[in-house]
Amino acid sequence: MKVVKWGVLSTARIGVEHVIPAIRAIPGCEVSAIASRDGRRAEQAAADLAIPRAFGSYEELLDDDTIDCVYIPLPNALHADWAVRALERGRAVLVEKPLACGGDDARRMAEAAGRSGALLAEAFMYRYHEQFKRVLRYVEDGTLGRVRVVRGAINFRLDDGPDIRLRGELGGGALLDVGCYPLDAMCLLFGSAPTRVQATGTRRGDVDDMCAGLLEFEGGGIGLVDCNFELPWLQAPLEVVGEHGTVRLENAYNPGAGDCRGTLLVEGREPESFVVPGMNMYGALVSSFADSVRTGSRPEYSVEASLATAHAIDLMRGALPLTAGAS
Ligand SMILES: NC(=O)c1ccc[n+]([C@@H]2O[C@H](COP(=O)([O-])OP(=O)(O)OC[C@H]3O[C@@H](n4cnc5c(N)ncnc54)[C@H](OP(=O)(O)O)[C@@H]3O)[C@@H](O)[C@H]2O)c1
């Protein structure tokens, strides 16, 4: 089996704690290099994670022709430029969620991928979890009937402090950080971007720290979303309501490695509670991406799905009045 050689742009927490260990655990994948804006930080991360090479700039890593694919866990506002540079060098690119801060950047990335023929994918790990695939199956096999409403919420408490999520110029804010998960799920479940959005929200400093929206999809589908930096992470539900039934996941987007719980209600049938065994969704994501890089097969989720989500983000942001936050 051809070994897929990965390079990682930055020493971001999500890479160090989850994605790099997941890549290393997949047979036929190797993390060959890591880059940081700070050479010493790159060397330290390389030593800690047993990565053979360290670079003191992202550019140097992209110039290394032995690298097959680049994983980009940079602040959201930097995703597009670095992805385009990597794609222009013919590298396959796995970009952290959200793919970009909006549709213009996302299209620029998709066009660069189209020109180079290299694979571009968004690292929405929740899509690869068996519990979300179960929801997709209930939609595709007709168990729920035509989907009419999708509800999604995701909250966690983010204290003030030096965090990229609180910096507007880096693409911070609750919508881009966590609201993008339910928006993405809605676009996948309805099979398109919304056509119209109403939204409200509050602001902390120069980012949104709460927002809620009502999204209209072609054919009459409705999406209801809310996301928040002010409330505890107790659950992050996804509820899909069809003409014959409803499925609900209790912790849809970042359930960790434990078992996941859900409920299926179908007209005329006993309610069914189900448990989906815990799994490493980062491993499933990386494995799927590496297979496509190795074999040239179509990725499990197309870049068009990410473009729909980027458009939904644009519509939400455009509709937000963003009043001052309560604190
Ligand atoms: N899929 C998931 O489960 C998940 C979870 C969390 C975050 N994410 C996504 O992953 C990305 C990174 O999030 P994170 O929480 O891991 O970020 P983080 O720990 O703050 O790391 C971001 C990294 O970007 C680099 N960087 C480059 N320019 C920067 C700048 N001007 N300011 C700050 N850092 C800069 C830094 O690395 P160097 O100094 O080493 O260059 C920094 O370590 C975001 O897109 C986020 O949405 C995904």
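Analysis parameters
Sequence positions are assigned chain by chain, starting from 1 and proceeding in written order. Local features in a predicted model are, by the rule used here, given only for residues with pLDDT of at least 70; side-chain atom pairs are given and counted only at 80 or more, and totals for whole chains, interfaces and linings are based on all residues. For the side-chain quantities, the full set of heavy atoms in the structure was used; hydrogens and water were omitted. UniProt positions are given in the numbering used here, feature names are shortened, and annotations may be inferred rather than shown by experiment. Should DSSP find at least two bridges between two strands, the strands are regarded as paired. What counts as a helix is a DSSP run of H or I of at least four residues, what counts as a strand is a run of E of at least two, and both are numbered from the N terminus. All axes here are fitted lines through C-alpha atoms, helices being fitted over the stretch that makes contact, and every angle between N-to-C directions spans 0 to 180 degrees. Any two residues having at least one pair of non-hydrogen atoms within 4.5 Å are treated as being in contact. Nearness here has a simple test: a residue counts as near a molecule or strand if at least one of its heavy atoms is within 4 Å of that partner. Between N or O atoms, a polar contact is any pair within 3.5 Å; within protein, one atom must be a potential hydrogen donor and the other a potential acceptor, and residues adjacent in sequence are included only when both atoms are from side chains. To measure how exposed things are, a 1.4 Å probe is used in the Shrake-Rupley method; for residues, cover is taken only from the protein chains shown. The classification used treats Ala, Val, Leu, Ile, Met, Phe, Trp, Tyr, Cys and Pro as nonpolar, Asp, Glu, Lys and Arg as charged, and all other residues, Gly among them, as polar. For the domains described, the bounds stem from an automatic or database domain assignment.

As recorded by UniProt, the Sequence similarities (unreviewed entry) comment attached to the protein reads in full: "Belongs to the Gfo/Idh/MocA family."

Visitor: Outline the sheet that holds strand E5 (residues 92–96), supporting the account with residue identities and numerical values.
Guide: Reading across from one edge, E3-E2-E1-E4-E5-E6 is the order of the six strands in this open sheet, with parallel pairing throughout. Across the chains shown, the open sheet's two edge strands, defined by having one partner strand only, are strand E3 (53–55) and strand E6 (120–123). Shown here is a sheet whose adjacent strand axes are inclined to one another by a mean of 25°, direction ignored. Where strand E1 (residues 4–9) and strand E4 (residues 69–72) come together, three bridges link them in parallel fashion. Opposite Val8, over in E4, you have Tyr71 as the bridge partner. Across the sheet, helix H8 (residues 281–295) touches E1, strand E2 (29–35), E4, E5 and E6, and the angle it forms with E1 is around 125°.

Visitor: With reference to specific residues and values, describe the site of the ligand.
Guide: The local shell around the ligand holds 25 residues, among which Thr11, Arg41, Tyr58, Asn76 and Arg165 are the closest. Tyr58 places a polar side-chain atom, nitrogen or oxygen, 2.4 Å from an oxygen atom of the ligand. Here the ligand loses 85% of its free accessible area of 900 Å² to cover by the protein chains. Only helix H1 (13–25) and helix H7 (174–190) provide two or more residues apiece to the shell around the ligand. In terms of residue class, the shell around the ligand is made up of 13 nonpolar, five polar and seven charged. Here the shell around the ligand gathers at least three residues from each of two domains, domain 1 (4–123 + 283–299) and domain 2 (126–279 + 310–324).

Visitor: Mind laying out the UniProt feature "domain: GFO/IDH/MocA-like oxidoreductase" (unreviewed entry) in the protein, listing which residues take part and the relevant values?
Guide: Those residues carrying the UniProt feature "domain: GFO/IDH/MocA-like oxidoreductase" (unreviewed entry) are residues 132–248 in this numbering. Across residues 132–248 one finds 22% helix and 38% strand; the C-alpha atoms that close the span lie 10 Å apart.

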